[in-house]
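For reference, the chains in residue letters:
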Amino acid sequence: MFLLKTWRSTAFGLYGYLNFTKSGFIEHSKNFKAEDIQIRIDGKNCIVTGANSGIGFATAQGLASRGATVYLVCRNKERGEAALSHIKSSTGNKNVHLEVCDLSSISDIKSFASRFALKNEPLHVLVNNAGVLENNRVTTSEGHEMNFAVNVLGTYAMTELLLPSLEKAVPDARVITVASGGMYTAPLTKDLQFSDGNFNGVEQYARNKRVQVALTEKWAEMYKNKEIGFYSMHPGWAETPGVTKSLPDFSKSFSGKLRTSEEGADTVIWLALQPKEKLVSGTFYFDRAEATKHLMFAATKGSHALIDSIVEDLRSMSGISS
């Protein structure tokens, strides 16, 4: 197991250095088509979680600049209001709204989903961007480990509860989940809350992101008859407030080599704008292209068979019946 973990970390580090940095973005962007990102989506409703800073903010701003009605879902009211004001003034789009919701709380998410359902509006794009990397074990008021609560349980609950609104936007509805290349170092595990062994926040984050990718596959399979597209993506290594706070050493050692938030958000916006027939539901995307979900010899592929029992656990913990 030690050798396998070492290989995963080494392979990830090398693959990441070559692809996930700013220079990787510049290289990959040579294949981008400018017209793909110039599409207008006036009148379409988009929800972006964790939208007050970093990739979430850049995504919300990018969607608003293309005419969408955007709902910023933020935990902190003051930071959310600052983001709201900035996006409105910079884009000239007045159809941008703030929804205060703590993504670590199932109760809060249920309350938000109920409020949104009362609008009786179609939801064209849900961006599950909110994420957290707590290096120490923190337990939420509902009794869940914090990283898991936001990254996995919150993402699961938000998506499941907004399905009726997404169905109103069919055939154009889509769910985009912002994962991380860190998932390359972790297989799926049933130990969702890191109960076994000494807690490691970085490893837990990687495990969480692996669940998000496998969950996206599962949603695509479960709901293929609903005509909702489910996509996960990796933004690359971006210089965001979250990275600076949670991974200070990494941020410092890669100073000047990390992507901007806008470069990190590029593929999220691209996924939100493309005609559905150009995309493959259940797929993991990176820099506007389909990407591998597993590194060679990392022994993570077979672990995806666990997703059915993980979904059962999430359903039970969230109290959501499908």
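Residues numbered from 1 in each chain as written. Predicted model: local features only at pLDDT ≥ 70, side-chain atom pairs only at ≥ 80, totals over all residues. Heavy atoms only, no water.

Naming follows an unreviewed UniProt entry, where the protein appears as Dehydrogenase/reductase SDR family member 12 of Cannabis sativa.

Q: Would you mind showing me how to read the packing of helix α3 (residues 54–65) against helix α4 (residues 77–91) here?
A: Packed helices, taken two at a time, are described by their axes: the angle between them and the distance between them. Where α3 contacts α4, the two axes come as close as 9 Å, and the packing angle between them is 35°. As α3 packs across α4, the resulting crossing turns out to be right-handed. Between α3 and α4, the residues in contact are F57, A60, Q61, A64 and S65 and A83, H86, I87, S90 and T91, respectively. Its residues placed into classes, the contact of α3 with α4 shows five nonpolar, five polar and no charged. (Axes fitted to C-alpha atoms, helices over the stretch in contact; angles between N-to-C directions. Helix = DSSP H or I, 4+ residues; strand = E, 2+ residues; numbered from the N terminus. Left-handed = near helix turned anticlockwise from the far one by under 90°. Contact = heavy atoms within 4.5 Å. Nonpolar A, V, L, I, M, F, W, Y, C, P; charged D, E, K, R; others polar.)

Q: How should the pattern of salt bridges be read in this particular structure?
A: Where charged atoms from two side chains of opposite charge approach closely, those side chains can pair. Summed over all chains, the structure comprises 19 salt bridges. Here D42 and R40 are joined by a salt bridge, their closest N and O atoms 2.9 Å apart. For the salt bridge of D172 with R174, the shortest nitrogen-to-oxygen distance reads 3.0 Å. We classify R174 as buried; its relative accessible area is 1%. (Salt bridge = Lys/Arg side-chain N within 4 Å of Asp/Glu carboxyl O. Buried < 20%, exposed > 50% of the residue type's maximum accessible area, 1.4 Å probe, protein only.)

Q: Would you mind going over α3 with me for this structure?
A: Note: α-helices contain 3.6 residues per turn, so residues at a spacing of three or four share the same orientation. In this model, α3 (twelve residues) spans 17 Å end to end at C-alpha, consistent with the 16 Å of a helix rising 1.5 Å per residue. Every buried residue of α3 is listed here: G54, I55, G56, F57, A58, T59, A60, Q61, G62, L63 and A64. Where α3 ends, the next residue or the one after it, G67, has phi of about 95°, a positive value. (Expected span 1.5 Å × (residues − 1).)

Q: Would you explain empty space enclosed by the protein in this entry?
A: Empty space among the atoms becomes apparent when a probe as large as a water molecule is rolled across them. Counting across every chain of the model gives one cavity of 30 Å³ or more. Taken as a whole, the largest cavity holds about 40 Å³ of empty space. Lining the largest cavity are F148, V152, T189, D191, L192, Q204, R207, N208 and V211. Looking at the lining of the largest cavity, the element that brings in the most residues is helix α8 (residues 201–222), giving four residues. When grouped by side-chain class, the residues that make up the lining of the largest cavity number four nonpolar, three polar and two charged. (1 Å grid on protein atoms, 1.4 Å probe; cavity = no way out; pocket = protein on both sides within 12 Å on 5 of 7 lines; lining within 4 Å. Points joined across faces, edges and corners; volume = space filled by probe spheres on them.)

Q: Explanation requested: a nonpolar patch on the surface in the structure shown.
A: A cluster of nonpolar side chains, contributed by W7, M296 and F297, occupies part of the molecular surface with about 390 Å² of accessible area. Position of W7 relative to the elements: it lies in helix α1 (residues 2–19). The partly exposed category is assigned to W7, whose relative accessible area is 37%. (Patch = residues over 30% accessible without salt bridge, like charges linked within 9 Å, V, L, I, M, F, W, Y side chains within 5 Å. Areas by Shrake-Rupley, 256 points an atom, 1.4 Å probe, with all protein chains shown as cover.)

Q: When you look at the side chain of S303 in this model, what are you seeing that I'm missing?
A: For S303, the position within the fold is in the loop between β8 (289–290) and α12 (307–318). Here the side chain of S303 touches L188 through a polar contact of 2.9 Å, landing on its backbone nitrogen. With near-sequence residues (within four places) excluded, S303 lies in contact with P187 and L188. (Polar contact = N/O pair within 3.5 Å; in protein donor to acceptor, adjacent residues only side chain to side chain.)

Q: In this structure, what is going on with the pairing of strand β3 (residues 96–100)? I would like to understand it.
A: Side-chain direction in a regular strand flips from residue to residue, so the side chains alternate between the two faces of the sheet. Two strands pair when backbone bridges link them, and strand β2 (residues 69–74) and β3 are joined in this way by five bridges, in the parallel orientation. Its bridge partner lying in β3, Y71 is registered against H97. (Pairing = 2+ DSSP bridges.)

Q: Explain the packing of aromatic side chains to me, please; I cannot follow it from the model alone.
A: Considering all chains together, one arrives at 19 aromatic pairs under this definition. For the pair Y15 and Y184, a centre-to-centre distance of 5.7 Å together with 90° between the ring planes defines the contact as edge-to-face. Of this pair, Y15 sits in helix α1 while Y184 sits in the loop between β5 (174–178) and α8, and the two are 169 residues apart along the sequence. Using a relative accessible area of 27% as the deciding quantity, one classes Y15 as partly exposed. On the basis of relative accessibility, which here comes to 1%, the residue Y184 falls in the buried class. A centroid spacing of 6.2 Å and a plane angle of 75° characterise the contact between Y231 and Y285, whose relative ring orientation is edge-to-face. Of the two residues, Y231 sits in strand β6 (residues 229–234) while Y285 sits in strand β7 (residues 284–286), which places them 54 residues apart along the sequence. (Phe/Tyr/Trp six-rings, centres within 6.5 Å; stacked < 30°, edge-to-face > 60°.)

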